[in-house]
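Working through the structure, step by step
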Amino acid sequence: MNTTALRSLRLTRRFDASAERVFDAWLDPATAGRWLFATDNGEMVDVTIDARVGGRFSFTRRDGEDVEHVGEYLEIDRPRRLVFTFAVPKFDPAVTRVTLDITPVGKGCELVLTHEDVLPDWADATQQGWGMILGHLEENLHQQPTRQLVAPDTLRFERLLPGPIERVWAYLTESEKRGQWLSSGAMELSVGSRFELHFHHVELSRTPVPAPQRFKDHADGVTSQHQITACDPPRLLGFTWGNPAQPSEVRFELTPQGDEVRLVVTHSRLQPGDMATTSGGWHTHLDVLADRLAGRQPQPFWPIFSRHLEHYEQAGNA
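The model shown is predicted, which means the values in this text are computed figures rather than measured ones.

**Some remarks on unusual backbone geometry**
Residue Arg78 is joined to Pro79 through a cis peptide bond whose omega torsion reads -5°. Along the polypeptide, Pro79 turns up in the loop between strand S4 (66-77) and strand S5 (81-88). In this chain, Gly163 is followed by Pro164 through a cis amide linkage whose omega measures 5°. Relative to the helices and strands, Pro164 is located in the loop between strand S9 (154-162) and helix H3 (165-173). You will see that Asp117, though not glycine, has its phi angle at about 65°, which is positive. For Asp117, the location among the structural elements is in strand S7 (residues 108-118). For Asp117, a relative accessible area of 39% translates into the label partly exposed.

Below, the structure is given as C-alpha cells:
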C-alpha cells in the first residue's frame, strides 16, 4: 500500500437546517447512529459519545462482522467548528484528523469537511464514504421528528416518512408490519372493535439488547388491551392506550406530501408522570419505523429509548 504522500480531502455541503441543528447532530448519541458511519444493511449495535474536548467516541456497526469507528474530540466550538481524530482499527491502525467548519447561510448553513492524513490508496473510498454520510445526515435532518406539548396531558410528534401513504398505513394496521417497529396484534378496522397488542421491544432489531433494570417488567414482552376510536383509511387511525379503567388515546394522521407522507402522532389524556416515558417511547418507535420504511436496519431499541428518555426527563414540560 502506498503511504508516501498522505492526502487531505475536502467536501462541501449545504443544508436547509440551522448551523446549531447540523452541529448537534454529530454529538447526539440517540440519533447519530442512524446516519454517522451507518449503512443500509449494517446494524449500529453500539454508539458511545463523550462530547467534550479529550472525550472519545465509538461507533460499532455489525454487517456480517463488527466494524468499530473511533476517535477523540480535539475542538468543540458550537455551532462553528468540530475537530476530531478518526480511525477504523479493523482496516487501518492509522489515526487521521477530521475538521468540520459550519457557516450560517440564509436559513440554512454550509458545512466544509476536511479529512487530513488519508492514505492515497484509501482516498477515493474515503471521499465516497463521507459523501454518503453527509447524504444520510441531510436525510436525517429532513425526517427528524418534532415533539410538541399541545396541552398539559397531550403530546404530538410529526415525522416525514417515505411513501406512498398506503404503505405507511399498512405499517400501522397490519400485524406483521406493525410488529417490526411497534407491536404485533390483529385489529379489525372498525370503530368500537377491541384488540390486543403484543410489545416485545428486544425483537425490533437483529441484535437483542435486554431491557434496563428500570423496565425489567418489559423484559419478556407485554400484552395490552385497546379499542378503535377512529378509523378513516388510509388517513386516520385512533385507539385507546394503557389502563382500560383510565385509558389515554393515540391518533395517527397521514397526509401525502410529494413522495413522502407526513405522519402526525397525537397522544392525549396522559398522566403527568407518563409524559417523558411516552415521549421517549414514541420517539424511539418512530425511529424504527423510519428505518424500516427506508430499508435500513434499526438499532437495538433499549439503548436508544434510554437516551431519548433521559433527554425528555431533562426537558420536562419544555
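Having seen the model, we can carry on.
**Brief notes about the side chain of Gln143**
With respect to the element layout, Gln143 can be found in helix H2 (residues 123-143). With a relative accessible area of 6%, Gln143 lands in the buried category. If sequence neighbours within four positions are ignored, Gln143 has contacts with Arg159, Leu160, Pro162 and Glu260.

**A short note on the packing of aromatic side chains**
The full count for this structure, using the stated rule, is 24 aromatic pairs. Aromatic pair Phe301 and Phe305: ring centres 5.6 Å apart, planes at 10°, arrangement stacked. With Phe301 and Phe305 both in helix H6 (residues 301-315) and four residues apart, this pair spans about one turn of that helix. Exposure remark for Phe301: the relative accessible area of 4% places this residue in the buried category. On the basis of relative accessibility, which here comes to 4%, the residue Phe305 falls in the buried class. A connected cluster of aromatic rings, assembled from ring pairs, spans Trp26, Trp35, Phe37, Phe57, Phe59, Tyr73, Phe84, Phe86 and Trp130.

**Some thoughts on the pattern of salt bridges**
Enumeration over the complete set of coordinates arrives at 22 salt bridges. For Arg13, the salt bridge is made with Glu138, and the minimal N-O distance between the two is 3.1 Å. With Arg13 in strand S1 (residues 7-15) and Glu138 in helix H2, the pair connects residues that are 125 residues apart, well separated along the chain. For Arg206, the salt bridge goes to Glu43, with nearest N and O atoms at 3.8 Å.

**Comments concerning the nonpolar core**
Residues Trp181, Phe239, Phe252, Leu254 and Trp282 are the most contacted members of the largest nonpolar core, which totals 41 residues. Contributions of two or more residues to this core are made by S9, H3, strand S10 (194-199), strand S12 (236-241), strand S13 (248-257), strand S14 (260-268), helix H5 (275-294) and H6. With eight residues, the top contributor of residues to this core is H5. Setting aside residues up to four positions removed in sequence, Trp181 forms contacts with Tyr171, Leu172, Leu204, Phe252, Trp282, His285, Leu286, Val288 and Leu289. Core analysis: the second largest hydrophobic core is formed by 36 residues, Leu27, Ile49, Phe86 and Leu137 among them.

**Some words on the side chain of Glu249**
Tracing the sequence through the fold places Glu249 in strand S13. A residue is classified by how much of its surface remains accessible, and Glu249, at 12% relative accessible area, is buried. Only 3.5 Å separates the side chain of Glu249 from the side chain of Arg269, close enough to count as a polar contact. Residues contacting Glu249, with those up to four places away along its chain left out, are Thr229, Phe239, Thr240, Thr266, His267, Ser268 and Arg269.

**Some remarks on the environment of Leu149**
In this fold, Leu149 is placed in strand S8 (residues 146-151). What makes Leu149 partly exposed here is its relative accessible area of 27%. Put simply, Leu149 and Leu204 are 55 residues apart on the chain and 27 Å apart in space, counted from C-alpha to C-alpha.

The rules behind the values
Residues numbered from 1 in each chain as written. Predicted model: local features only at pLDDT ≥ 70, side-chain atom pairs only at ≥ 80, totals over all residues. Heavy atoms only, no water. Helix = DSSP H or I, 4+ residues; strand = E, 2+ residues; numbered from the N terminus. Buried < 20%, exposed > 50% of the residue type's maximum accessible area, 1.4 Å probe, protein only. Contact = heavy atoms within 4.5 Å. Phe/Tyr/Trp six-rings, centres within 6.5 Å; stacked < 30°, edge-to-face > 60°. Salt bridge = Lys/Arg side-chain N within 4 Å of Asp/Glu carboxyl O. Core = buried A, V, L, I, M, F, W, Y, C linked by side-chain atoms within 4.5 Å. Polar contact = N/O pair within 3.5 Å; in protein donor to acceptor, adjacent residues only side chain to side chain.

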